[in-house]
Amino acid sequence: MTSPESPLPSPSPCPPPPSSLPSSPTPSSPTPSSSLPHPPSLPPTGEVMVLALGRKKQRMLIGLSILPNLFLAFLLSSDSLLTLTSPHHCRLPGPLPAVLNASLPWEKGDRVGDSGGLSQCKQFINGTQSGVENCEAGWDYNVTEGLRINIVTEWDLVCGQYWLVPVEEVSFILGVLTGCLGLGFAADRLGRLKTLLTSLTLSVVFGVLVCVSTAPPFFIVMRFCLAAASAGVYLTLYITRLELCDPSLRLLVTMVAGLTTVAGELLLLGFALGYQSWRGLLGTGAAPLSLFLTYGIPGVFPESPRWLLLSERSADLNSFSERRDRGRDDESFTELDSELSPSTRPHLSFPELVHSRNIWKNICVLGFTSFISHGISHCYSSFRGDVRGTAPSFYWTYLLSVCAGGGAWLLLWATVNRCGRRGILLLAMTMTGLASLILLGLMECKLAFKI
């Protein structure tokens, strides 16, 4: 008996997959980890380069970068002592009490309410009151404060020659500006260490030339050069100090460096009382800088690792790797084995800096605040003689300004991390403006009470 045929057609077998289509993957055992590609190693960072020096070496280098500030204060803060003008009058023959009133004319004061006094630049002709003439035999100075012999008393920079004093002050400020611009640019191009050694050498050379100056024009030129070289040393050490620090320690280290400068300014006044001569005072500041030329000995003060990292100095970077291989076995230093390719290193030209709105805005804001603060500081130093009132007050105003600077460093250390940079900057600028207005008001009140 046969079964009836099914009305449904029998299914045909499935065709094989075309050769162009990939077959489904078959499960397989996992690939061993050794066959996986290694993740790319991270490039060395500035923090890793600093750590390669070791904590002990890092602290020692920071200390070496702070120590020169003690002597730089002698060169950068001595202008008020060098140009301090003491009461003076024409040199007269005979005992002063007997001939002083009879030989010097009386001059009225330049300000309202100022009764005047004996002339400092004129004398009677031949001791008679028939006429007056300029001082022919020089001047006698009543030095009661500051240096007994400074550039004013040694070269008689009073009366007709007094214009040389503001010229010297302006040339000193221009020298600092020139040093910051020129040697600051060299520090970025040539390296921190080379610029530091060059600035130190120039500071010692020009410091000696300033001390042996025999005439005001030569002194002014050498003073300009000394200010530029000293500013180069200060700026290069400041940059190197920050590059040697971890970000969390930069404020503390900067405060310690600032307090060291304050200590140098206090020592400056002490040495001024001891030496009583401007040549010995400047020599005390310039001579010790020659000792810091030993920073050029290999291994004493290495180049800034952050500058090496950004300047493609691979040969110098290898020295940090060798240092790690010799005495360190820390996993954090394995990043030093990798090196950035030249195409990935950051380059920033001056046109790019100008067209970067954020960087340019910060430069303008910080530059303007620095300009105002330094300008007010120098103006206060120049007009100190107008508000002191009595002769011995120079020491009081000098100590007050120096101690106020030290207090400002301590205040910054206590508030910047808590209140932020911009808030403290705004507060400091506001207090500076208010202090300037109060100072001008006190001067006007003093004149009003004298009327």
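Everything numeric here is computed off the predicted structure, so don't read it as measured data.

### Quick word on the overall build of the chain
Within the chain, the secondary structure is distributed over 18 helices and 6 strands. The proportion of buried residues among the 451 residues of the chain is 35%. For the chain, long-range pairs separated by at least 24 residues make up 74% of all intrachain contacts whose partners lie at least 6 apart in sequence. Element-wise, carbon and sulfur atoms account for 67% of the exposed surface of the chain, whose accessible area totals about 26900 Å².

### Digging into a nonpolar patch on the surface
A cluster of nonpolar side chains, Val-205, Val-208, Leu-209, Val-212 and Phe-218, forms an exposed patch at the surface whose accessible area comes to about 390 Å². With 3 residues, the single largest contributor to the nonpolar patch is helix H8 (residues 192-211). Along the chain, the position of Val-208 falls in helix H8.

### Here's the deal with the state of the cysteines
Summed over the entire model, instances satisfying the criterion amount to 2 disulfides. Disulfide pairing places Cys-90 opposite Cys-135 at an S-S distance of 1.6 Å. Measuring the twist about the S-S bond at about -55 degrees, one finds the Cys-90-Cys-135 disulfide to be left-handed. In this pair, Cys-90 sits in strand S1 (residues 88-90) while Cys-135 sits in the loop between strand S5 (132-134) and strand S6 (139-141), placing the two residues 45 residues apart along the sequence.

### Considerations on the UniProt feature "transmembrane region" (unreviewed entry) in the chain
Summarizing the sequence annotation, UniProt attributes the feature "transmembrane region" (unreviewed entry) to residues 196-215, 221-239, 251-275, 281-301, 395-416 and 423-443 in the numbering used throughout. Strand forms 0% of residues 251-275 and helix 100%; the C-alpha atoms that close the span are 36 Å apart. Helix and strand shares over residues 395-416 are 100% and 0% respectively, and the end C-alpha atoms of the span are 31 Å apart.

### Things to note about the nonpolar core
If you look at the biggest cluster of nonpolar residues, it comprises 57 residues, and the most contacted ones within it are Phe-219 and Trp-278. Among all residues touching Trp-278, those that are not within four sequence positions of it are Leu-82, Leu-147, Ile-149, Asn-150, Ile-151, Glu-154, Trp-155, Val-210, Cys-211 and Phe-219.

### Remarks on unusual backbone geometry
If a residue is not glycine, its phi is most likely negative; likewise, a peptide bond is most likely trans. The phi angle at Asp-156 is positive, at roughly 55 degrees, despite the residue not being glycine. Position of Asp-156 among the secondary structure elements: in the loop between helix H6 (151-155) and helix H7 (164-190).

### Section: the pattern of salt bridges
As enumerated under the stated definition, the model contains 5 salt bridges in all. A salt bridge links Arg-279 to Glu-154; the nearest nitrogen and oxygen atoms lie 2.6 Å apart. Taken as a pair, Arg-279 in helix H11 (residues 278-286) and Glu-154 in helix H6 lie far apart in primary sequence, 125 residues in all. Arg-279 gets classed as partly exposed once you look at its relative accessible area, which sits at 25%. Classification of Glu-154 by relative accessible area gives partly exposed; the value is 31%. Arg-223 is the partner of Glu-168 in a salt bridge, and the nearest nitrogen-oxygen pair spans 3.2 Å. Within this pair, whereas Glu-168 is found in helix H7, its partner Arg-223 is found in helix H9 (residues 216-243), the two being separated by 55 residues in sequence. Side by side, Glu-168 and Arg-223 carry an identical accessibility label, which is buried. Linked by salt bridges that have partners in common, Asp-79, Glu-168 and Arg-223 make up one network.

The rules behind the values
- Sequence positions are assigned chain by chain, starting from 1 and proceeding in written order.
- Where totals are concerned, whole chains, interfaces and linings use all residues; where local detail is concerned, this predicted model gives features only for residues with pLDDT of at least 70, and gives and counts side-chain atom pairs only at 80 or more.
- With hydrogens and water stripped out, all remaining heavy atoms of the structure feed into the side-chain values.
- Secondary structure elements follow DSSP: runs of H or I no shorter than four residues count as helices, runs of E no shorter than two count as strands, and numbering proceeds from the N terminus.
- Three labels apply to residues, based on accessible area from a 1.4 Å probe with only protein chains included: buried if under 20% of the type maximum, exposed if over 50%, partly exposed otherwise in between.
- The contact rule is simple, with two residues in contact once any of their heavy atoms fall within 4.5 Å.
- Per-residue and other accessible areas follow the Shrake-Rupley method at a 1.4 Å probe size, with only the shown protein chains counted as cover for residues.
- Surface patches are drawn from residues lacking salt bridges whose relative accessible area is over 30%; two like charges belong together within 9 Å, two nonpolar side chains (Val, Leu, Ile, Met, Phe, Trp, Tyr) within 5 Å.
- Only one rule defines a salt bridge in this text: a Lys or Arg side-chain nitrogen within 4 Å of an Asp or Glu carboxyl oxygen.
- The term disulfide is used for any two cysteine sulfur atoms that are within 2.5 Å.
- UniProt positions are given in the numbering used here, feature names are shortened, and annotations may be inferred rather than shown by experiment.
- Here, the term nonpolar core denotes a set of buried Ala, Val, Leu, Ile, Met, Phe, Trp, Tyr and Cys residues that are joined through side-chain atoms within 4.5 Å.

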